[in-house]
Amino acid sequence: MKKPVRVAVTGGAGQISYSLVFAIASGQLLGPDQPIILQLLEMPVAMEALKGVAMELDDCAFPLLHGIVTTDDVKTAFTDIEYALLVGAKPRGPGMERNDLLRDNGKIFTTQGKALNDYANRNVKVLVVGNPANTNAYIAMRSAPDLNPKNFTAMTRLDHNRALSQLSAKTGTKVTDIKKMVIWGNHSSTQYPDITNTTVAGKAAKSLVDQNWIANDFIPTVQQRGAAIIKARGKSSAASAANAAVDHIHDWALGSNGEWVSMAVPSDGSYGIPEGLIYSFPITTANGEYSIVQGLEIDEFSRDRLTKTQNELEEERSAIADLLG
Ligand code: NAD
Ligand code: LMR
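Quantities reported herein were computed from a predicted structural model and do not represent experimental measurements.

Reading the values: the criteria
Residues numbered from 1 in each chain as written. Chains lettered and ligands numbered in written order. Predicted model: local features only at pLDDT ≥ 70, side-chain atom pairs only at ≥ 80, totals over all residues. Heavy atoms only, no water. Near = heavy atom within 4 Å. Polar contact = N/O pair within 3.5 Å; in protein donor to acceptor, adjacent residues only side chain to side chain. Areas by Shrake-Rupley, 256 points an atom, 1.4 Å probe, with all protein chains shown as cover. Nonpolar A, V, L, I, M, F, W, Y, C, P; charged D, E, K, R; others polar. Domains from an automatic or database assignment. Salt bridge = Lys/Arg side-chain N within 4 Å of Asp/Glu carboxyl O. Helix = DSSP H or I, 4+ residues; strand = E, 2+ residues; numbered from the N terminus. Buried < 20%, exposed > 50% of the residue type's maximum accessible area, 1.4 Å probe, protein only.

Participant: Would you mind showing me how to read the site of ligand 1 here?
Facilitator: Near ligand 1 there are 24 residues, and of these Gln15, Ile16, Glu42, Val129 and Asn131 occur at the shortest range. For ligand 1, a nitrogen atom lies 3.4 Å from a polar atom in the backbone of Gly11. Within the backbone of Gln15, a nitrogen or oxygen atom sits 2.8 Å from an oxygen atom of ligand 1. Within the complex, the protein chains bury 87% of what would otherwise be the 870 Å² of accessible surface of ligand 1. The class makeup of the residues in the shell around ligand 1 is twelve nonpolar, ten polar and two charged. Taken together, domain 1 (5-154) and domain 2 (156-319) each give at least three residues to the shell around ligand 1, which thus spans both.

Participant: Would you mind showing me how to read the pattern of salt bridges here?
Facilitator: Any two side chains of opposite charge can pair if their charged atoms end up close together. For the structure shown, the criterion picks out eight salt bridges. Ionic pairing is found between Lys2 and Asp33, a salt bridge with its closest N-O pair at 3.5 Å. Pair noted here: Lys2 is in the segment before β1 (5-10) and Asp33 is in the loop between α1 (17-26) and β2 (36-41), with a separation of 31 residues, a long-range link. Judged by relative accessible area, which is 40%, Lys2 ranks as partly exposed. Its salt-bridge partner being Arg317, residue Glu314 comes within 3.9 Å of it at the nearest N-O pair.

Encoded structure:
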């Protein structure tokens, strides 16, 4: 039996966590032979609700769950963790834009970035789910100078999965027939879902759908899906977000077998995106490492969209610059 791995989840009593922690404890995150100790962080007001979540985890009798820590203390939550799923933040309500959340949620991530720096395993892999996810990941990364910046990522896997599902419905194929889907940029309405290189059952996706559908249906539907879910449910997406978070860490830890996935990661300058900006790229993963897919041609239609979402991320970065001291 492998040694247990400590996995922290923040916002442990929230709606995403109510799906996420059970998926983690059941083995979906790190595989069926990896025992886990869950370290769940919450706000003091939500500790009673968190206790209830821990009771339900107990009642599942998960063989891989070797311990549960529930706490409102960031040091206790982050000590020795190898994975951090930073979910806890205020979600967007109906009619709100992500910018409204920037400063309030930004403060959470300076504190948590510093705590990761001080207490986590030196190789901790960090996924930020809480919005605005890219900029929160940027804040956490900048607040943790002793950790490898590459280990700070934000979630665009939900957008990636949404894009797969839309294209699969349009082409009447299985999602598993679709390869090389990409989400570029910010997890926001400026993101660019790109099927330039996508294939569907071996055929170029662009030969199966027309440009009008791509520009006026596919792209806006994926960009606006979060808002559409909020409108329909009165609350932001939760089960699908948890599912995407599991996909993101699972593939980062265990490999994507050559398949492209989308992850927002610190730019290394690829495709002209400024270094350090947390930007979603086409990614492959192997041996616990991710790599940005290189050498793709970017046409004018794509470049305009890459630039628009880059500009938004640069604006977000300016808006929180003072939080970084
Ligand atoms: P929720 O309000 O149901 O739960 C959030 C939980 O976080 C609450 O229980 C709250 O007490 C806790 N929390 C707040 N600040 C905290 C802190 N400093 N430390 C620890 N816990 C803290 O919200 P939710 O629906 O679970 O969504 C969580 C976040 O995920 C939101 O920001 C939402 O917008 C975001 N989200 C991101 C994606 C994505 O694709 N990246 C998708 C869906 C939702
Ligand atoms: C989503 O994409 O569903 C979430 O980020 C919620 C939101 O605010 O859009």
